[in-house]
Amino acid sequence: MAMANLASFTSTFPSSFDKLKKSSRGVQKNFMVSTIPQVKAVQSPAESGTGRWVRQRRPQNVDGDFFVDHTCIDCDTCRWMAPQVFTRVGEMSAVYKQPTCKEDRLQALQALLSCPTSSIRTEVPPSDILEAQKTFPIPIDEKKLPGVYHCGYHSSKSYGASSYLIVHSDGNVLIDSPKFTERLARKVEEMGGVRYMFLTHKDDVADHGKWAKRFTCDRILHCGDVEACTADVETKLDGSGPWSLGQDIMLIHTPGHTEGSVCLFYKPLKILFTGDHLMMRESGLDIIEMYNRYSVGTQLDSVKKLLDLDFNWIIPGHGRRIQFKDVSEKNVVLEAFVEEKYAQYSRDKNKRY
């Protein structure tokens, strides 16, 4: 899995559409997924005389120990980490049911620790918070996806994006950057450390410098997304790829959300880590057009590339993971999504002219 062998080879992926500017309702199928709302920034309450943000318990929370305050940015983290406790009310998260068992409480505490804005709180300091901290990184599914972990500790610098760890015999891969905490770093060290830090795009780099220094790992980022804060990354991908990282990891250039967006395809487990390229919202698949930083049309072209890949899991940077029954279902869903987006663009274009 030597980085010196990171090679580019000719891509044969098709490209079909140019400019698509409007969002669609997406396509909802029977694959295993929970819904996700649009990520949006919400202004905190007015500052107090001390200059600190006022944190208030949202009235939408049920009575009890756990609650969400007004600084919530609606990133959805707590709702997919502990759906039996948190829900969405009034464009923010809230507690709709207090934990009633040990498992529910643990998941609520994991969500509390992962909240990028520390908006989840308890009325009484939790005596079992250290036990919850020890559970990170969290296995996603030990039977279906062995060696794949959710790092937790989402960072506000990455707008609450998730970071994942692949434990690999040729060197572990950290996908995007969580908030740096020494406690999490020690756990990752126990699991073999980090050999490569793969950054899907420029938005979700968070504390990449601290992680790189801690593990002396090679950071990988497409040159189209290199900025001042990432100028020192060790490996800058150039061109349109794909690139290989050892025998079983392929890096797929999927420009659109940003110029240098790249997905990581982990072949053995048929997982595609999509960063901000593709996600699931309440209405179906989406490409987050509101936050597009390069070209919506190009991003849709990049979605079409995914039809040629043999995967049945999508693990995005934001929101819920998607498990398809098989590759055929994945392709049916993606094809319908692309067609619907193009049809909507055509309708909107006709209206303008």
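For the structure itself, look to the data block above.
Residue positions are given per chain, counted from 1 along the sequence in the order it is written. Under the rules for a predicted model, residues below a pLDDT of 70 receive no local features and side-chain atom pairs below 80 are neither given nor counted, while totals for whole chains, interfaces and linings still include all residues. With hydrogens and water set aside, each side-chain value is computed from the structure's full complement of heavy atoms.

Another point: the overall build of the protein. A tally of regular secondary structure across the protein gives seven helices and 19 strands. Burial statistics for the protein: of 353 residues in total, 56% are counted as buried. Of all intrachain contacts in the protein linking residues separated by at least 6 positions in sequence, the fraction that spans at least 24 positions is 64%. For the area figures, the Shrake-Rupley method with a 1.4 Å probe applies, and any residue is considered shielded solely by the protein chains shown. Entry remark: accessible area of the protein is about 15,600 Å², with carbon and sulfur atoms responsible for 48%. The numbering of helices and of strands both runs from the N terminus, where a helix is a DSSP run of H or I of at least 4 residues and a strand a run of E of at least 2. When accessible area is computed with a 1.4 Å probe and restricted to protein chains, residues below 20% of their type maximum are described as buried, those above 50% as exposed, and intermediate ones as partly exposed. Any pair of residues with heavy atoms lying within 4.5 Å of one another is described as a contacting pair.

Right, let's talk about the side chain of Gln299 for a bit. Its place among the elements puts Gln299 in helix α6 (residues 296-305). Not counting residues up to four positions away in its chain, the partners in contact with Gln299 are Pro255, Gly256, His257, Asp276, His277, Ile287 and Asn292.

On to the nonpolar core, then. By convention a nonpolar core is built from buried Ala, Val, Leu, Ile, Met, Phe, Trp, Tyr and Cys residues, the set being connected through side-chain atoms within 4.5 Å. Counting 63 residues, the largest nonpolar core has Phe86, Ile120, Leu251, Leu264, Tyr266, Ile271 and Phe273 as its most contacted members. The biggest single contributor to this core is helix α2 (residues 102-114), with five residues. One finds Leu278, Ile287, Leu306 and Phe311 within the second-largest nonpolar core, a separate group that totals 23 residues.

Among the five residues of strand β10 (residues 218-222), four are classified as buried, and the element is accordingly described as predominantly covered. Consider the strands pointing away from the viewer: the crossover is right-handed when the path from the first strand over the helix to the second runs clockwise. Following the backbone out of strand β9 (residues 196-198), through helix α5 (residues 208-215) and into the adjacent parallel β10, one traces a crossover that is right-handed. By the convention used here, strands pair only if DSSP detects at least 2 bridges between them. Where β10 and strand β11 (residues 235-237) come together, three bridges link them in parallel fashion. Counterpart to Ile220 in the pairing with β11 is Thr235.

This paragraph deals with empty space enclosed by the protein. In this analysis a 1.4 Å probe is tested at points of a 1 Å grid over the protein atoms alone, and where it fits but cannot get out there is a cavity; an open set with protein on both sides within 12 Å along at least five of seven lines is a pocket; lining residues have an atom within 4 Å of a point. Grid points are joined across faces, edges and corners, and a volume is the space filled by probe spheres set on the points. Applying the stated criterion to the full structure yields two cavities of 30 Å³ or more. Cys72, Cys75, Cys78, Ser93 and Cys115 are the residues nearest the centre of the largest cavity, which is lined by 15 residues in total. Classification used: nonpolar for Ala, Val, Leu, Ile, Met, Phe, Trp, Tyr, Cys and Pro, charged for Asp, Glu, Lys and Arg, polar for all others including Gly. Split by residue class, the lining of the largest cavity holds nine nonpolar, four polar and two charged. Broken down by secondary-structure element, the contributors of at least two residues to the lining of the second largest cavity are β15 (271-275) and β18 (313-316). Per-element tally for the lining of the second largest cavity: the top contributor is β15, with three residues. Class assignment of the residues belonging to the lining of the second largest cavity gives a composition of five nonpolar, five polar and one charged.

What follows is about the packing of aromatic side chains. Each pair of aromatic rings taken from Phe, Tyr and Trp, with Trp reduced to its six-membered ring, is defined by centres within 6.5 Å and is described as stacked if the planes are under 30 degrees apart, edge-to-face if over 60, and tilted in the remaining cases. According to the stated counting rule, one finds five aromatic pairs in the structure shown. Cluster of aromatic residues (ring-pair linked, three or more members): Phe180, Trp211 and Phe215. Geometrically, a charge over a ring is one whose NZ (Lys) or CZ (Arg) sits within 6 Å of the ring centre while staying within 35 degrees of the ring normal. In this structure, Lys330 is placed above the aromatic ring of Phe311, and the distance from its NZ or CZ to the ring centre is 4.3 Å.

Attention shifts here to the pairing of strand β5 (residues 138-141). When a strand is regular, its side chains alternate between the sheet's two faces. Examined bridge by bridge, β5 and strand β6 (residues 145-150) share three bridges and lie antiparallel to one another. Paired with Pro139 across the bridge in β6 is Tyr149. In sequence, β5 turns back onto β6 through a hairpin of three residues.

Below, the discussion takes up the environment of Thr216. Mapped onto the fold, Thr216 is located in the loop between α5 and β10. For Thr216, a relative accessible area of 70% gives the class exposed. The spatial distance from the C-alpha of Thr216 to the C-alpha of Tyr196 is 9.0 Å, given a sequence separation of 20 residues.

A few words on the sheet that holds strand β12 (residues 243-245). An order of β12-β13-β14-β15-β18-β19 is seen for the six strands of this open sheet, with the pairing classed as mixed. Pairing within the sheet leaves two strands with one partner each, and these edge strands are β12 and β19 (322-323). Of the pairings in the sheet, the one linking strand β13 (residues 249-253) to strand β14 (residues 262-266) comprises five bridges and is antiparallel in character. Residue Ile249 lies in a different strand from β14, and its bridge partner there is Tyr266.

With that settled, the discussion passes to the sheet that holds β5. The strand order across the open sheet formed by seven strands is β5-β6-β7-β8-β9-β10-β11, and the pairing between neighbours is mixed. What marks the edges here is a single partner per strand, and that holds for β5 and β11. With direction set aside, neighbouring strand axes in the sheet form an average angle of 30°. Interaxial angle, 0 to 180 degrees, is taken between N-to-C directions of lines fitted to C-alpha atoms, where a helix line uses only the stretch in contact.

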